[in-house]
Amino acid sequence: MPETFVQSTDDVVAFLRDQHNLIKDMFDDVLLASEDKAREKAFTDLRQLLAVHETAEEMVVHPRVRREVQSGDEIVDARLREEHAAKEQLVALEKLDIGSEEFLTALTEFRDAVLEHAEHEETEEFPKLKRELDADELKSLAGAVRAAEAIAPTRPHPGVESAKLNFAVGPFASMLDRARDVIGAALR
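Residues numbered from 1 in each chain as written. Predicted model: local features only at pLDDT ≥ 70, side-chain atom pairs only at ≥ 80, totals over all residues. Heavy atoms only, no water.

Draft legend 1. Layout of the overall build of the protein chain. On a plain count of helices and strands, the protein chain comes out with six helices and zero strands. Reading the secondary structure of the protein chain in the N-to-C direction produces α-α-α-α-α-α. Of all 188 residues assigned to the protein chain, the portion counted as buried reaches 47%. Of the roughly 9,500 Å² that the protein chain leaves accessible, carbon and sulfur atoms contribute 53%. (Helix = DSSP H or I, 4+ residues; strand = E, 2+ residues; numbered from the N terminus. Buried < 20%, exposed > 50% of the residue type's maximum accessible area, 1.4 Å probe, protein only. Areas by Shrake-Rupley, 256 points an atom, 1.4 Å probe, with all protein chains shown as cover.)

Draft legend 2. Expanded view of empty space enclosed by the protein. Per the stated rule, a full pass over the model turns up three cavities of 30 Å³ or more. Space inside the largest cavity adds up to approximately 130 Å³. Together, Leu 50, Ala 51, Glu 54, Glu 82, Glu 83, Ala 86, Lys 87, Leu 90, Phe 110, Val 114, His 117 and Pro 156 line the largest cavity. Of all the secondary-structure elements, those providing two or more residues to the lining of the largest cavity are helix H2 (36-68), helix H3 (72-94) and helix H4 (101-132). With five residues, the single largest contributor to the lining of the largest cavity is H3. (1 Å grid on protein atoms, 1.4 Å probe; cavity = no way out; pocket = protein on both sides within 12 Å on 5 of 7 lines; lining within 4 Å. Points joined across faces, edges and corners; volume = space filled by probe spheres on them.)

Draft legend 3. Highlighting the layout of surface pockets. Considered as a void within the structure, the largest pocket measures approximately 220 Å³ in volume. What lines the largest pocket is a set of 12 residues, among which Glu 40, Phe 43, Thr 44, Glu 94 and Ile 98 lie closest to the centre. For the lining of the largest pocket, the secondary-structure elements that each account for two or more residues are H2 and H3. Here the residues of the lining of the largest pocket sort into five nonpolar, one polar and six charged. (Nonpolar A, V, L, I, M, F, W, Y, C, P; charged D, E, K, R; others polar.)

Draft legend 4. Summary view of the packing of H2 against H3. Close contact between H2 and H3 brings their axes to 11 Å; oriented N to C, the two are set at 160°. Classed by the angle they form, the pair H2 and H3 counts as roughly antiparallel. In this structure, H2 meets H3 at a crossing whose hand is left-handed. Here Phe 43, Arg 47, Leu 50, Glu 54, Glu 57, Glu 58, His 62, Val 65 and Arg 66 of H2 lie close against H3, whose contacting residues are Gly 72, Asp 73, Val 76, Asp 77, Arg 79, Leu 80, Glu 83, Lys 87, Leu 90, Leu 93 and Glu 94. When grouped by side-chain class, the residues that make up the contact of H2 with H3 number seven nonpolar, two polar and 11 charged. (Axes fitted to C-alpha atoms, helices over the stretch in contact; angles between N-to-C directions. Parallel < 35°, antiparallel > 145°, perpendicular 65-115°, else oblique. Left-handed = near helix turned anticlockwise from the far one by under 90°. Contact = heavy atoms within 4.5 Å.)

Draft legend 5. Quick look at the environment of His 53. Assignment of secondary structure puts His 53 in helix H2. Sequence separation between His 53 and Ala 148 is 95 residues, and the spatial gap between their C-alpha atoms is 8.7 Å. Every residue in contact with His 53, bar those within four places of it in the chain, is listed here: Leu 16, Gln 19, His 20, Ile 23, Glu 121 and Glu 149. Side chain to side chain, His 53 and His 20 meet in a polar contact 3.2 Å long. (Polar contact = N/O pair within 3.5 Å; in protein donor to acceptor, adjacent residues only side chain to side chain.)

Below you can see the structure in the form of structure tokens.
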């Protein structure tokens, strides 16, 4: 798993926004890679960050928004639908030839959907969460997000978007994903 270089750890909202910015930059790394090997490495790093980032939001942030924010269920349900669609797109991307025009076209569409999703979180979810929680709670959530990311699966798992399913299925999926990552890296 690549180092995320996210500095903001005292506030879950700042932490996640920093990750959104990093994800945007990582899309550029994949799209602008000059050779297939570099594109594959950049895509693997992006896929891993997206998987752990979304899992942590599903396990930690979304449940808190449901409890603390007015219309939280509606907000979170919309984000979960977007996350499910993104996981399906990511699975489809993994099956494409990384050097093909088809991959670049699909990746560009995927990037646009992911960035729109991040904007929805940053405008519809994060400000409301920040208003409802004090600084200690925001810091505590940042720690919980980092902990969830440390044990999260590194590949997309469409259909596992709830906190309950992530807690039930996540550790097993994470173990398998991380083993596949190590074996895949050794075979390259």
